[in-house]
Amino acid sequence: MTEQLIIALDQGTTSSRAVLFNHDADIVDVSQQEFTQHFPKPGWVEHDANEIWNSQFMVLQKLAANNQLRPTDIAAIGITNQRETTIVWNKKTGKPVYNAIVWQDRRTAAKCDELSAAGWNDKIQHKTGLVIDAYFSASKVQWILDNVDGARDQAEAGNLLFGTVDTWIIWNLTEGQVHATDASNAARTMLLNINTGEWDQELVELFNIPTSMLPDVRDSSASFGSVSFQGVDVPIAGVAGDQQAALFGQTCFEKGMAKNTYGTGCFMLMNTGGQRIDSESGLLSTIAWSINGEITYALEGSVFIAGAAVQWLRDELKFIESASESEALALEANPESDVVVVPAFTGLGAPYWDMYARGAIFGLTRDSGRAEIAKATLQSLAYQIFDVLTAMEKDSGIELKQLNVDGGAIANDFLAQFQADVLQKPVTRPQVLESTALGAAYLAGLKVGYWNMNDLSKVREIEREFKPKLAPQKITALLKQWHKAVARSKQWIDADE
Ligand code: ADP
């Protein structure tokens, strides 16, 4: 092989992947392996940290073997990962002291409520950009130290290390040489002061975590040591959490550019430049990346139920056999139909914030059927994104010019077109939908001089741009109905149910 390539390791919540990119940022090959989800109690979600590592290493080896890669073929390795998931391990034996506690895990919710009640909200938001929640790593580390036999003593003796998944993968790839994370991952621990990019002593003490456990925080495009491959060192040169990596992979390099990922849920991030912006609508401020010591910030909003609503059409309502059939079914709907679906199956997140809301279908008439409900379900994804984006524009004072999209559900042309209509802005879908892996590859490639920022701004190929077509008056009327439906779904269950 003459041209050098970049490998991105994409350690996700359900699978580990290794993706090979060429200089044109095209995918040459992918290898993937799923791993086990553990649900030991209601609300608890764990992964076996060794299985995470083994599956990640295996897909890397498979990719190398399938493409007959020699060490000199690989310019660099980048890493992107499920964020917030927490691992604590013994630095002498390399053994995790407990399973990885996954971001979705709610076991520390009561502890987080106690901190809110004790008045920590403002301070934590000011320092970390986050709202106090069990989602982030800090309370998970504390839980491990307080609940695993002997863990606190070991930690205080300096024998234990903490890491998010990036750190765990780097430590294993470098055979224990490097204990480091990047600023975008560190920003999700609720222990990092995002204003300075350093661990915050007061928060580290609040969660009672010995500083000796904390990884070194580095730039996202930086040296993270190297992997010995056939006796030759291959540099690990880029690291970012999955959503931030996707923002980078979508080449949202300028302030005011945004991407949305339509997966099971949606994750929308807007680049806010060198300035962090505090949200009035419950959005998070986070570090997008740090390059050459300069931090770029982002506003982040998520929608809990997006593609999951399409799964509901498929698995519960049995309207379709595969998610992609939702498109043809929606196109059969009566254009006059006023059906609205609010998929508040688990409450409503930003910017509504109502945990007591529940899903509902409004506007049913005698002729409403599968097609009308499927169409309204797809439309609900676009409406939720409209509301998050409106909040972001308000918080930042920036008007978005276009939305860059990725994720499995945006393969649906009806959804993509309707999203452009509702936003009254173009929606651009790139050729390479693997924005997350691409972002990690870009960060690594930048560090080793494989690409420069100028190259990257040019390589994003658009597969299709969806331009708004519906009349603005029509959109105003539709949004009015949607907001009426949201209002009626709120506070459905009682707080003590
Ligand atoms: P995740 O990374 O969260 O697993 P993916 O990006 O793989 O999600 O996207 C899968 C989600 O997208 C599923 O919830 C599925 O229902 C939905 N989905 C996939 N294809 C389509 C489609 N053509 N139309 C609508 N929804 C789709």
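Refer to the preceding data block for the structure.
Since the model is a prediction, treat every value here as computed from it, not as a measurement.

What to know about the site of the ligand
Around the ligand lies a shell of 13 residues, among which T264, G307, Q311, G408 and N412 are the nearest. Interatomic distance of 2.6 Å between a side-chain N/O atom of T264 and an oxygen atom of the ligand. Q311 places a polar side-chain atom, nitrogen or oxygen, 2.6 Å from an oxygen atom of the ligand. If the ligand stood free it would expose 580 Å²; the protein chains cover 67% of that surface.

Side note on the packing of helix α9 (residues 242-249) against helix α14 (residues 435-447)
At a minimum axis separation of 6 Å, α9 and α14 run at an interaxial angle of 75°. Judged by the angle between their axes, α9 and α14 are roughly perpendicular. When α9 is examined against α14, the residues D242, A245, A246, F248 and G249 are found in contact with a partner set consisting of S435, T436, L438, G439, A440, Y442, L443 and L446. Residue classes in the contact of α9 with α14 are distributed as eight nonpolar, four polar and one charged.

Side note on the pattern of salt bridges
Evaluation of the coordinates by the stated rule reveals 25 salt bridges. The residue R188 makes a salt bridge to E300 at a minimum N-O spacing of 3.1 Å. With R188 in the loop between α7 (183-186) and β10 (192-193) and E300 in strand β18 (residues 294-303), the pair connects residues that are 112 residues apart, well separated along the chain. You can call R188 buried: its relative accessible area is 0%. For E300, a relative accessible area of 2% puts it in the buried group. With a shortest N-O distance of 2.6 Å, D315 and R314 are connected by a salt bridge. A network of salt bridges, in which partner residues are shared, links R83, E84, R188, D242 and E300.

Each value, and the rule that gives it
Residues numbered from 1 in each chain as written. Predicted model: local features only at pLDDT ≥ 70, side-chain atom pairs only at ≥ 80, totals over all residues. Heavy atoms only, no water. Near = heavy atom within 4 Å. Polar contact = N/O pair within 3.5 Å; in protein donor to acceptor, adjacent residues only side chain to side chain. Areas by Shrake-Rupley, 256 points an atom, 1.4 Å probe, with all protein chains shown as cover. Axes fitted to C-alpha atoms, helices over the stretch in contact; angles between N-to-C directions. Helix = DSSP H or I, 4+ residues; strand = E, 2+ residues; numbered from the N terminus. Parallel < 35°, antiparallel > 145°, perpendicular 65-115°, else oblique. Contact = heavy atoms within 4.5 Å. Nonpolar A, V, L, I, M, F, W, Y, C, P; charged D, E, K, R; others polar. Salt bridge = Lys/Arg side-chain N within 4 Å of Asp/Glu carboxyl O. Buried < 20%, exposed > 50% of the residue type's maximum accessible area, 1.4 Å probe, protein only.

In short, geometric facts, not functional conclusions.
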